Amino acid sequence: MLKDSLTEIMYVLIGIVCFYSVYVTMKDKKHPSRIPTALFWGILGLTFTFSRIGLVWGNKNIFINDTIVGYLVLIMAVLSALKLVKFNTFSESSKEFKEKMANSIGNSIFLPALALAIVAFIVAQFWTKQIGSLVALGISALVALILAVIITKGKSSEMAEDSRRLLEVVGPVSILPQLLAALGSVFSVAGVGDVIANGIKTVIPQGNIFLGVIAYCVGMAVFTMIMGNGFAAFAVITAGIGVPFVFAQGADPAIASALALTAGFCGTLLTPMAANFNIVPTAILEIEDRKNGLIKYQAPVAILLLIIHIILMYFWAF
């Protein structure tokens with residue numbers, strides 16, 4: 001299928017960035033943790049690049065099956081837990097050169113960012129069924145990258161170095177979205193929703209709509225903070241709290257579900273587990289407090305939004 005083929009191409013491109021990081025790391029004799037860091041990014045590149053298309057060994061095409069990937073992920077987790085994945089220095093332009101280029105390029109520098117959103121929207125509108133939303137985002141990223149190179153007149157080596165820099169500065173948390181999405185599926189299969197429902201029954205009186213709404217919204221926010229992913233939390237919390245304590249009381253499933261999911265996103269603003277939202281921006285903006293820098297500013301807004309969600313669900317869904 002076209003969707004699967006394009007998805008694999010995107011994964012291979014991600015793997016190439018990881019392999020470039022391995023190459024530069026191994027060349028750097030002054031790297032504080034050269035071998036473990038190269039091993040980490042090498043494993044990540046291997047899983048992205050060869051877990052589906054396979055490795056050619058002699059006359060055989062060897063696929064890295066899910067079991068092998070699981071063991072490789074455990075190795076990566078150990079390297080990360082022991083804080084052996086580090087970065088050294090990057091090839092960066094001088095401050096004076098950056099200021100000069102910023103004055104020269106002006107507001108045109110925002111065109112790649114706008115293209116990222118516009119192209120993704122257009123591709124998703126017309127070809128989502130054929131290629132999928134992830135491929136649409138990948139295509140828009142490539143278009144934005146090409147535009148950035150044209151506008152800045154940058155070199156391919158500079159593009160590769162900046163890609164590596166962002167990857168290594170974000171570090172091992174860059175794989176959290178994949179891990180947490182998988183964890184959500186595991187929780188659903190393991191029946192965590194049933195366990196939560198049984199626990200809630202001892203606290204919330206049967207038939208109390210307002211407390212059921214609070215439990216649903218707050219549960220979504222808290223579980224999203226734990227999982228780092230509102231979509232992963234939705235299946236578990238809806239099964240454990242939404243269905244027995246909200247939907248069963250007569251709530252409109254469409255309204256209540258939509259508000260529950262966005263209530264979960266309030267939790268996204270409050271957790272470092274949501275790496276894409278709270279860790280990557282701190283790396284890009286070079287904020288000193290990489291773990292909680294953005295969260296401190298987002299917390300009041302997130303709590304206010306959560307309260308508003310509870311009120312809206314109580315009055316709109318019933």
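From a predicted model like this one, the values you see are computed outputs, not experimental measurements. (Residues numbered from 1 in each chain as written. Predicted model: local features only at pLDDT ≥ 70, side-chain atom pairs only at ≥ 80, totals over all residues. Heavy atoms only, no water.)

With 89% of its residues at a pLDDT of at least 70, the protein reaches an overall mean of 82. Across the protein, helix α12 (residues 253-268) holds the top mean pLDDT of 92, while strand β1 (residues 55-57) sits lowest at 56. (pLDDT = per-residue confidence, 0-100. Helix = DSSP H or I, 4+ residues; strand = E, 2+ residues; numbered from the N terminus.)

Attention now moves to the packing of helix α10 (residues 209-227) against α12. The interhelical angle for the contact between α10 and α12, taken along N-to-C directions, is 40 degrees, at an axis separation of 7 Å. It follows that α10 is oblique to α12 by the angle criterion. As α10 runs across α12, the sense of the crossing is right-handed. Across from Tyr216, Cys217, Met220, Ala221, Thr224 and Met225 in α10, the residues of α12 making contact are Ala256, Ser257, Ala260, Leu261, Ala263, Gly264, Gly267 and Thr268. Residue composition of the contact of α10 with α12, by class: nine nonpolar, five polar and no charged. (Axes fitted to C-alpha atoms, helices over the stretch in contact; angles between N-to-C directions. Parallel < 35°, antiparallel > 145°, perpendicular 65-115°, else oblique. Left-handed = near helix turned anticlockwise from the far one by under 90°. Contact = heavy atoms within 4.5 Å. Nonpolar A, V, L, I, M, F, W, Y, C, P; charged D, E, K, R; others polar.)

Going through the model one piece at a time under the given rule, you end up with seven aromatic pairs. For the ring pair Tyr20 and Tyr23, a centre distance of 6.4 Å and an interplane angle of 40 degrees mean the geometry is tilted. One end of the pair is Tyr20 and the other is Tyr23, both in helix α1 (residues 2-27) and three residues apart, which spans about a single turn. An angle of 90 degrees between the planes, with centres 4.9 Å apart, marks the rings of Phe40 and Trp41 as edge-to-face. With respect to burial, Phe40 and Trp41 carry one shared label: buried. A connected cluster of aromatic rings, assembled from ring pairs, spans Phe210, Tyr314 and Phe315. (Phe/Tyr/Trp six-rings, centres within 6.5 Å; stacked < 30°, edge-to-face > 60°. Buried < 20%, exposed > 50% of the residue type's maximum accessible area, 1.4 Å probe, protein only.)

With that out of the way, let us pick up the packing of α12 against helix α15 (residues 293-316). Two elements in contact, α12 and α15, have axes separated by 9 Å at closest approach and are oriented at 170 degrees. Regarding the angle of α12 to α15, the classification is roughly antiparallel. Each of Ile255, Ala256, Leu259, Ala260, Thr262, Ala263 and Cys266 in α12 lies in contact with α15, whose residues at this interface are Ala302, Leu305, Leu306, His309, Leu312, Met313 and Trp316. Considering only residue class, the contact of α12 with α15 consists of 12 nonpolar, two polar and no charged.

Here we come to the pattern of salt bridges. Close approach of charged atoms allows side chains of opposite charge to pair. Under the defined criterion, the tally for this structure stands at three salt bridges. Arg165 is the partner of Asp162 in a salt bridge, and the nearest nitrogen-oxygen pair spans 3.4 Å. Placement of the pair is Asp162 and Arg165 together in helix α7 (residues 156-170), with a separation of three residues, close to one helical turn. Residue class for Asp162 comes out partly exposed when judged on its relative accessible area of 41%. Given a relative accessible area of 19%, Arg165 falls into the buried group. Taken together, the shared-partner salt bridges connect Glu161, Arg164 and Glu168 into one network. (Salt bridge = Lys/Arg side-chain N within 4 Å of Asp/Glu carboxyl O.)

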